[in-house]
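# Results of the structural survey
One letter stands for each residue in the lines below.
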Amino acid sequence: KSIFEIDDMTRATWQGLQNRLKGEILNAEKKSDNRYKEKVHTYSYYKGKEFSGIINYLRTKSSGKIDDELEITTSSCNASNDEKYLPSNVALFDDQSKSFVSSSAQNNWLCFNFKKHLVNPMNYTIRTINWWTSVKHPKSWVIECSNDNSSWEVVDDVNECSELRGCGFVHTFKIKKQPSFLLQS
């Protein structure tokens, strides 16, 4: 039984393989970056299982204490004193009574720090709040990645999205570009 389907090979994957094969092979003792100690897990998108990715895995692994595995921060929170609207609620897929609402300002951001995990984003799913009809839903955004919290690279951008214009809408988006730092490793 094959564990690899040639049809699953993307241009970014092929470029990553080429770069890795051309690069220097280092001894395990010579590697200096011990930040990412865990083995690699792959999460494929399957319709109907939109919330079965890396965040769900980390929640399960940490018995619900996801703060040990993932830090979620934001530039603004519309109701920072109310636990129903905290940024960490974006990881609570099964509790739709909680959500995250940013302030109505431009250039707001939401940051996922996977701490000791190196994540190669392929897809991401957004669900809009389902019980506040007066809330404006996301329509334009960028997804950026960094492995040092200082240099950021845009890997996806969405403008005038129509898939999220309503309460409780769920849509999965495919990442358009693989982060260059993953291609170099």
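A brief structural summary. Note that this is a predicted model, so its numbers are computed, not measured.

This next bit is on the nonpolar core. If you look at the biggest cluster of nonpolar residues, it comprises twelve residues: Tyr-124, Ile-126, Trp-141, Cys-145, Val-155, Val-158, Cys-161, Leu-164, Phe-173, Ile-175, Phe-181 and Leu-182. Listed by contribution, the elements that provide at least two residues to this core are β3 (123–127), β4 (141–145), β5 (153–158) and α3 (180–184). With eight residues, the next largest nonpolar core counts Ile-66, Ala-91, Phe-93 and Phe-114 among its residues.

A few words on the packing of aromatic side chains. The final tally for this structure, using the stated rule, is four aromatic pairs. When the centroid spacing of 5.3 Å and the interplanar angle of 20° are considered together, the rings of Tyr-124 and Phe-173 count as stacked. Of the two residues, Tyr-124 is situated in strand β3 and Phe-173 in strand β6 (residues 170–174); the sequence distance between them amounts to 49 residues. For the pair Tyr-124 and Phe-173, a shared accessibility class is recorded, and that class is buried. Here the aromatic rings of Trp-141 and Phe-173 are separated by 5.2 Å at their centres, their planes lie at 85°, and the arrangement is edge-to-face. One end of the pair, Trp-141, is in strand β4; the other, Phe-173, is in strand β6, with 32 residues separating them in the sequence. Assessed through its relative accessible area of 9%, Phe-173 is described here as buried.

Our focus in this paragraph is the side chain of Glu-69. Locating Glu-69 in the fold gives a position in the loop between α2 (54–61) and β1 (71–74). Polar side-chain contacts of Glu-69 include one of 2.5 Å to the side chain of His-117.

With that settled, the discussion passes to the side chain of Asn-89. Looking at the element boundaries, Asn-89 is found in the loop between β1 and β2 (110–113). Of the polar contacts made by the side chain of Asn-89, one reaches the backbone oxygen of Ser-99; its length is 3.1 Å. With near-sequence residues (within four places) excluded, Asn-89 lies in contact with Glu-83, Lys-84, Lys-98, Ser-99 and Phe-100.

Let's shift gears to α2. Taken together, the buried positions of α2 are occupied by Ile-55, Leu-58 and Arg-59. Viewed along the axis of α2, the buried residues span an arc of 100°, placing them on a single side of the element. Against the buried residues of α2 lie β2.

The topology assignment puts Asn-130 in the loop between β3 and β4. Residue classification places Asn-130 among the partly exposed positions, given a relative accessible area of 34%. With 34 residues separating them in the primary sequence, Asn-130 and Gln-96 have C-alpha atoms 7.6 Å apart. Setting aside anything within four residues of it in sequence, one finds Asn-130 in contact with Gln-96, Cys-167 and Gly-168.

The rules behind the values
Residues numbered from 1 in each chain as written. Predicted model: local features only at pLDDT ≥ 70, side-chain atom pairs only at ≥ 80, totals over all residues. Heavy atoms only, no water. Core = buried A, V, L, I, M, F, W, Y, C linked by side-chain atoms within 4.5 Å. Buried < 20%, exposed > 50% of the residue type's maximum accessible area, 1.4 Å probe, protein only. Helix = DSSP H or I, 4+ residues; strand = E, 2+ residues; numbered from the N terminus. Phe/Tyr/Trp six-rings, centres within 6.5 Å; stacked < 30°, edge-to-face > 60°. Polar contact = N/O pair within 3.5 Å; in protein donor to acceptor, adjacent residues only side chain to side chain. Contact = heavy atoms within 4.5 Å. Arc of directions from axis to C-beta.

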